[in-house]
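Structural description and commentary
One-letter residues, chain by chain:
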There are 2 protein chains.
Amino acid sequence: MKNAIGREIPEYIEGIGKLEPYQGAWEKLKKGWMDEKTMPPPNKAKLPHQNKKCTDLEDAIRKTNPHDGMTVSFHHHLRNGDDILGQAIEILASMGIKDITLASSSLNEVHDSILKYLHDGTITKIWTSGLRGGLGRAVSRGALKVPVIIHSHGGRVRAIHTGRIQVDLTVICASASDEEGNCTGAHGKSAFGSIGYAIIDARYSKQVIVVTDNLVEYPCVPVSIGQNFVDYVVKVDSIGDASKIATGTTRITKSPMDLRIAKIAADVIEHSGYFVDGYSFQVGAGGASLAVAKFIRDKMRERKLKGSFLLGGVTSYCVEMLEEGLFRSIFDVQSFDAAVSSSLLNNRLHIEIPAALYANPFNCGCMTNKLDIVVLGALEIDMDFNVNVITGSEGNIRGASGGHLDTASGAKLTVVVCPAFRGRIPIVTERVHTVVTPGETVHVLVTERGICVNPKFKELEKRLKEAGLNIRDIKDLHKEVIEIVGKPKPLEFIDNIVGIVEYRDGTIIDVIKQIKE
Amino acid sequence: MKNAIGREIPEYIEGIGKLEPYQGAWEKLKKGWMDEKTMPPPNKAKLPHQNKKCTDLEDAIRKTNPHDGMTVSFHHHLRNGDDILGQAIEILASMGIKDITLASSSLNEVHDSILKYLHDGTITKIWTSGLRGGLGRAVSRGALKVPVIIHSHGGRVRAIHTGRIQVDLTVICASASDEEGNCTGAHGKSAFGSIGYAIIDARYSKQVIVVTDNLVEYPCVPVSIGQNFVDYVVKVDSIGDASKIATGTTRITKSPMDLRIAKIAADVIEHSGYFVDGYSFQVGAGGASLAVAKFIRDKMRERKLKGSFLLGGVTSYCVEMLEEGLFRSIFDVQSFDAAVSSSLLNNRLHIEIPAALYANPFNCGCMTNKLDIVVLGALEIDMDFNVNVITGSEGNIRGASGGHLDTASGAKLTVVVCPAFRGRIPIVTERVHTVVTPGETVHVLVTERGICVNPKFKELEKRLKEAGLNIRDIKDLHKEVIEIVGKPKPLEFIDNIVGIVEYRDGTIIDVIKQIKE
């Protein structure tokens, strides 16, 4: 069957079940309520004054009675510095547990350590927002029998909330915890900031282990996750390397091309009609995206604008803008530099939020619904403004859905920034390999060769033209790109589906096929 | 059938269902998990940038499509200053809605305004922690066909969590809210402090209305309840009279009798073995209870002790102790003076907690499980140390279960403070009219005529005797009381059950019968 953007979706996949095709960004939300059932949370009990402390992670995992076919979840706030996911899978594998569903809020290169467990039947299914490195390459080549399910950050909350992901065990890394499991990422030697993605797991997982390298005197404040959700507490020497939280993508680019794109994007925002007092703003952490904040900051100073809130993945650049008084508040579901932690800890206008409040589409209104302007990157964008942020030019899974489609669906103005081509590869392309974010939620594309406005948004186009900006038809831009780099040979795939890409409402927006080698 | 403390409990009550008899304070918790199912939360959706604001409370209530037989819930943080519960019931009654189950976290004298709706079929069932004034008298005389169900604060969370209370509509009063329903009680002209009891309602109610007299610029910080749970927002002129939050019971008594009892209780605590560095402490707001804090404060200074946390209903006296550095933190589910709000707002060691974290028995360990010492009042206490805090000497319902049995079940040392008799009425009595808190969870009774230690706790008795305290057998004390005031004529009741008293795990610890007139 074909979904609303014309992508072919199978009706059923063994190990996943019946698939619902994508119907449009807001179709399922229009009723105001959902038919889909939700998941009753577990029912536990503890006697007073018990001891939750375990000698080590293995002791804790043994106490949860792991079993074949279980689902184990993790959060990715430590990004490429995370030591614990690998250790936990290693322990489960050494216990002979098979057929694990791995449900991490995302996966990074550091998790290549578990690669072998995709091949020996330990891990047979993966839910994640992102997949990179060796794991991405292996899955793209058919390492898993069941396709990986790529969700957005909001979609993940929805999937747990509705019981599509039923977590048996969650392992939560905390940079500070007390003996009862009140914990946070906001302080300690491995401080990583917000722990917002793990909060839904804590609420729904049948068993919850908190791992920390900083066991503090009771009570641990702030209580980012409360003891009422935590079964076991483990003290380890190190949860990972907090310095690796901040990857290159979270610093402002020095690339002249990215800076040029960012400057144009800032001009678009300035003249969009949405750059007004009290506006809200999110920028992705990618190259040109974050650089937009730099130019926007100058424009806000000039115009003496004060914004309402900054949202999302938060960099120290956002913190500076808060401290300068350019925004009233920050809502933080994930902190991109370790340096953000002290702001989260000490500034009560810098607020840690659960992923449910950030982006879950199945509630009374998440914060992405309230967003005015978002700037996002792209691996590819096509003639319908559909965006690919998951598969690379060689067909490998090597990116993340993240909050891309969530914020695009909510923002009044979604600006995609990317170069028109990279090397000899067109980024502005006829048809993206994989759709993650549907074009109907993308307003503007900004490249170094000009601005393209989605034809759905005539008023916006008019405003930008009146401001004297260089607006081009995306088809013309594409033609120009092809003239420069030539039409690349199409990638070849075999019929085996290795990944499915969920839209935030749980419908399937695209599938990823296995690369032909 | 008889329950574990020998009280006769019917097997079934029309309109409530099968009753499970109380089996002992910790019997149901011993497995570590519960057989009882939990409630799946509702599944909603909103399109981006919608407007939740309603013209008035009636407009909002109409939008929720109220229906006969519905359950409507409220929170009681505004105590005797609350204007909104009465208005909401009035509106529902004017719309002709019948057969309402009223599920308020508690009810106060101010709610006598809804008395007539107990007689005309508008309200036919009540769940509450407390019942007083005209409502208490009416229910005690059989105004409701279905008995009122008295729960504790922790038990209420459990009942919502397991779906025994299924809320169709909750009306939340906030002293500050933004247009999306991010709200708090921590600031504004009607600031009342913690909004901790309403958080479970927000999560589970099918429809949620936030009523505020202080609509603030978006976003409202702190986000005590998030917009993702709120359907409608109403701005009114006043949510009530915050000055009436602080009733007489929240000030330190000047009564010489209460002060004498409090001083003895402080001596008991001092020599109990639990008065050590890092201990945690809760005092009720009643006459002698709060006064204990005054003497404990002096003893902490003398000994240079620093406690871990203060819990519970929080008075400005607790705030002073935090600010003096006598405790590391306060966990606040309900603020007893309006003055507590500024501490909650500005001191990050003064932490607002949901009732689930405070006292729900069905989770991985609430904070009452971590409590060392609690001081509680009593309307009556009997030879088994069972405590009545719900029915008065004339047989009327005129009190509240509150956190009494929750904290008693968790604390290492539960001290009940009360005079041996009041007027001509024995407080220390052969058999309490109504058991709320079972004697097995009460360690010590302190009266002006001496200290009685529950014979279950021999070690404690030994320690107190060694400290030279005046320890008496409770039977001797009772005999002395009867010699002074005489044996009161027993109250007469008819067979009709007007109330059932739930223990925190949902079993029935006692029933309340209708007064014979």
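First, a word on what this report is: a plain description of the structure on this page. (Residues numbered from 1 in each chain as written. Chains lettered and ligands numbered in written order. Predicted model: local features only at pLDDT ≥ 70, side-chain atom pairs only at ≥ 80, totals over all residues. Heavy atoms only, no water.)

This part covers the overall build of chain A. What chain A contains, in helices and strands, is 13 helices and 29 strands. The C-alpha radius of gyration computed for chain A amounts to 22 Å, which stays within 12% of the reference 24 Å derived for 517 residues, consistent with globular compactness. Seen through its C-alpha atoms, chain A measures out along the principal axes to roughly 70 × 55 × 45 Å. Classification of the 517 residues of chain A by burial places 65% in the buried group. Pairs at least 24 residues apart make up 72% of the contacts formed inside chain A by residues separated by at least 6 positions. (Helix = DSSP H or I, 4+ residues; strand = E, 2+ residues; numbered from the N terminus. Rg over C-alpha atoms; globule rule 2.2 N^0.38 Å. Buried < 20%, exposed > 50% of the residue type's maximum accessible area, 1.4 Å probe, protein only. Contact = heavy atoms within 4.5 Å.)

Our next topic: the relation of the copies chain A and chain B. Note that the two copies of the chain are related through a rotation about an axis and a translation along the same axis. Note on the identical chains: chain A maps onto chain B by a rotation of 180° and an axial translation of 0.0 Å, with an RMSD of 0.0 Å. In short, the pair behaves as if placed about a two-fold rotation axis. Considering only C-alpha atoms, the part of chain A nearest the rotation axis is proline 40 of chain A, at 2.0 Å. A high fraction, 100%, of the interface residues of chain A reappear at the interface in chain B, so the copies pair face to face through one surface. (Least-squares fit on C-alpha atoms with pLDDT ≥ 70 in both.)

Right, let's get into the packing of helix H6 (residues 256–270) of chain A against helix H7 (residues 287–303) of chain A. Residue and element names in this part refer to chain A. At a minimum axis separation of 8 Å, H6 and H7 run at an interaxial angle of 45°. Taken together, H6 and H7 sit at an angle that is classed as oblique. Where H6 crosses over H7, the handedness of that crossing is right-handed. Here H6 contributes Asp258, Leu259, Ile261, Ala262, Lys263, Ala265, Ala266, Asp267, Ile269 and Glu270 to the contact with H7, which in turn contributes Gly287, Ala288, Ala291, Val292, Phe295, Ile296, Lys299 and Arg303. By residue class, the composition of the contact of H6 with H7 is 11 nonpolar, 1 polar and 6 charged. (Axes fitted to C-alpha atoms, helices over the stretch in contact; angles between N-to-C directions. Parallel < 35°, antiparallel > 145°, perpendicular 65-115°, else oblique. Left-handed = near helix turned anticlockwise from the far one by under 90°. Nonpolar A, V, L, I, M, F, W, Y, C, P; charged D, E, K, R; others polar.)

Let us look at the state of the cysteines. Residue and element names in this part refer to chain A. For the coordinates displayed, the defined rule picks out 0 disulfides over all chains. Cysteine 452 carries a free sulfur, and the closest cysteine sulfur to it, the one in cysteine 418, is 9.3 Å from it. Here cysteine 452 falls in the buried class, since its relative accessible area comes to 0%. (Disulfide = S-S within 2.5 Å.)

Before going further, it helps to examine the nonpolar core. Ranked by internal contacts, the top residues of the largest apolar core, which has 87 residues, are Leu57, Leu102, Ile123, Ile209, Val211, Ile381 and Leu445 of chain B. Element by element, the count of residues in this core is highest for helix H2 (residues 84–94) of chain B, at 7 residues. Discounting chain neighbours no more than four positions away, the residues touching leucine 445 of chain B are Ile381, Phe385, Val416, Cys418, Val428, Gly450, Ile451, Cys452, Ile474 and Leu477 of chain B. In this structure, Cys183, Val208, Val436 and Cys452 of chain A belong to the second largest nonpolar core, which totals 85 residues. (Core = buried A, V, L, I, M, F, W, Y, C linked by side-chain atoms within 4.5 Å.)

All names here are of chain A. Checked against the element boundaries, valine 417 lands in strand S22 (residues 413–417). Once the C-alpha coordinates of valine 417 and leucine 379 are considered, the two residues, 38 residues apart in sequence, prove to be 10.0 Å apart. For valine 417, the residues in contact, after removing those within four places along its chain, are Ile261, Ala265, Ala288, Ser289, Val292, Val375, Leu376, Gly377, Ala378 and Val446.

As a further point, take the side chain of threonine 414 of chain A. Residues and elements named next belong to chain A. Residue position: threonine 414 is located in strand S22. Of the polar contacts made by the side chain of threonine 414, one reaches the backbone oxygen of alanine 408; its length is 3.3 Å. Look past the residues within four positions of threonine 414 in its chain and what remains in contact with it is Val374, Leu376, Thr407, Ala408, Thr441, Val442, His443 and Val444. (Polar contact = N/O pair within 3.5 Å; in protein donor to acceptor, adjacent residues only side chain to side chain.)

A few words now on the pairing of strand S22 (residues 413–417) of chain B. Residue and element names in this part refer to chain B. The buried fraction of S22 is high, at 5 of 5 residues. Of the two faces of S22, the one carrying Leu413, Val415 and Val417 and the one carrying Thr414 and Val416 are both buried. Inspection of the sheet shows strand S18 (residues 373–376) paired to S22 by 4 bridges, in the parallel sense. Note on S22: the bridge partner recorded for isoleucine 373 is leucine 413. As judged from the 3 bridges shared by S22 and strand S26 (residues 444–447), these two strands associate in the parallel manner. Its bridge partner being in S26, valine 415 is matched across the sheet by valine 444. (Pairing = 2+ DSSP bridges.)

In this section: the interface of chain A and chain B. Taken residue by residue, the interface counts 65 residues in chain A and 65 residues in chain B. Three residues stand out in chain A for area buried against chain B, namely Asn43, His49 and Cys364 of chain A, and they jointly supply 15% of the buried area on that side. Remark: the boundary between chain A and chain B carries 4 salt bridges. Between lysine 370 of chain B and glutamate 180 of chain A there is a salt bridge; the shortest N-O distance is 3.0 Å. Where chain A packs against chain B, one counts 38 residue pairs in polar contact (both at pLDDT 80 or more). When residues of the side of chain A that touches chain B are traced back to their parent elements, those giving at least two are helix H5 (198–204), strand S15 (307–314), strand S16 (327–335), helix H9 (341–346), helix H10 (355–359) and helix H11 (404–410) of chain A. Classifying every residue of the side of chain A that touches chain B by side-chain character gives 33 nonpolar, 16 polar and 16 charged. (Buried area = accessible area lost by both parts, 1.4 Å probe. Salt bridge = Lys/Arg side-chain N within 4 Å of Asp/Glu carboxyl O.)

Here we take up the environment of alanine 356 of chain A. Position of alanine 356 of chain A relative to the elements: it lies in helix H10. Given a relative accessible area of 17%, alanine 356 of chain A falls into the buried group. Taking the C-alpha atoms as reference, alanine 356 of chain A lies 19 Å from glutamine 227 of chain A; in sequence the two are 129 residues apart. Ignoring anything within four residues of it in the chain, the contact list for alanine 356 of chain A reads Val157, Asn363 and Cys366 of chain A together with Asn228 of chain B.

This brings us to the pairing of S26 of chain B. All names here are of chain B. The alternating pattern of S26 places Val444 and Val446 on one face and Leu445 and Thr447 on the opposite face, and all of these are buried. For S26 and strand S27 (residues 450–453), the ladder comprises 4 bridges, and the chain directions are antiparallel. Its bridge partner lying in S27, valine 446 is registered against isoleucine 451. Counting the residues in the hairpin turn of S26 and S27 gives 2 residues.

With that settled, consider the pattern of salt bridges. All names here are of chain B. Overall, the coordinates contain 68 salt bridges over all chains when judged by the stated rule. We note a salt bridge from arginine 449 to glutamate 448, for which the minimum N-O separation is 3.7 Å. Residue classification places glutamate 448 among the buried residues on the basis of a relative accessible area of 8%.

Attention now moves to unusual backbone geometry. Following valine 221 of chain A, the chain continues to proline 222 of chain A via a peptide bond in cis, the omega torsion being 0°. Checked against the element boundaries, proline 222 of chain A lands in the loop between strand S12 (207–212) and strand S13 (232–235). One non-glycine residue with positive phi stands out, namely arginine 79 of chain A, at about 40°. Among the structural elements, arginine 79 of chain A can be located in the loop between strand S4 (71–74) and helix H2 (84–94). Exposure remark for arginine 79 of chain A: the relative accessible area of 11% places this residue in the buried category. For phenylalanine 385 of chain B, which is not glycine, the phi torsion reads 70° and is therefore positive. Positionally, phenylalanine 385 of chain B belongs in the loop between strand S19 (380–382) and strand S20 (387–388).

Another point: the environment of valine 415 of chain B. Residues and elements named next belong to chain B. Mapped onto the secondary structure, valine 415 falls in strand S22. Taking relative accessible area as the criterion, valine 415 reaches 0% and is therefore assigned buried. As a C-alpha pair, valine 415 and valine 453 span 38 residues in sequence and 9.4 Å in three-dimensional space. Excluding anything up to four places from it in sequence, valine 415 contacts Ala265, Ile269, Val374, Val375, Leu376, Val444 and Val446.

We now examine H2 of chain A. Residues and elements named next belong to chain A. The buried fraction of H2 amounts to 8 of the 11 residues, a majority that puts the element mostly inside the structure. For H2, the complete set of buried residues consists of Ile84, Leu85, Gly86, Ala88, Ile89, Ile91, Leu92 and Ala93. In this structure, the buried residues of H2 make contact with helix H1 (57–63), S4, strand S5 (100–104), strand S6 (123–128), strand S9 (169–174) and S12.

Right, let's talk about the sheet that holds strand S25 (residues 428–429) of chain B for a bit. Residue and element names in this part refer to chain B. Strand order in the open sheet made by the 3 strands is S20-S19-S25, with mixed pairing throughout. Each of the sheet's edge strands pairs with one partner strand only, and the pair in question is S20 and S25. By the bridge criterion, 2 bridges tie S19 to S25 in an arrangement that is parallel. When the sheet's bridge partners are listed, aspartate 382 is paired in S25 with threonine 429.

Counting across every chain of the model gives 14 aromatic pairs over all chains. With a centroid separation of 5.5 Å and 55° between ring planes, the pair formed by phenylalanine 309 of chain A and tyrosine 218 of chain B is classed as tilted. Of the two residues, phenylalanine 309 of chain A sits in strand S15 while tyrosine 218 of chain B sits in the loop between strand S12 (207–212) and strand S13 (232–235), which places them in two different chains. We classify phenylalanine 309 of chain A as buried; its relative accessible area is 1%. With a centroid separation of 5.5 Å and an interplanar angle of 55°, the aromatic rings of tyrosine 279 of chain B and phenylalanine 327 of chain B are classed as tilted. Placement of the pair is tyrosine 279 of chain B in the loop between helix H6 (256–270) and strand S14 (281–283) and phenylalanine 327 of chain B in strand S16 (residues 327–335), with a sequence separation of 48 residues. The class for tyrosine 279 of chain B is buried, based on a relative accessible area of 0%. By relative accessible area, phenylalanine 327 of chain B is classed as buried at 1%. Site record: aromatic cluster; members linked through ring pairs are Phe275, Tyr279, Phe281 and Phe327 of chain A. Here the basic side chain of lysine 294 of chain B rests over the ring of phenylalanine 295 of chain B, its NZ or CZ set 5.5 Å away from the ring centre. (Phe/Tyr/Trp six-rings, centres within 6.5 Å; stacked < 30°, edge-to-face > 60°. Lys NZ or Arg CZ within 6 Å of the ring centre and 35° of its normal.)

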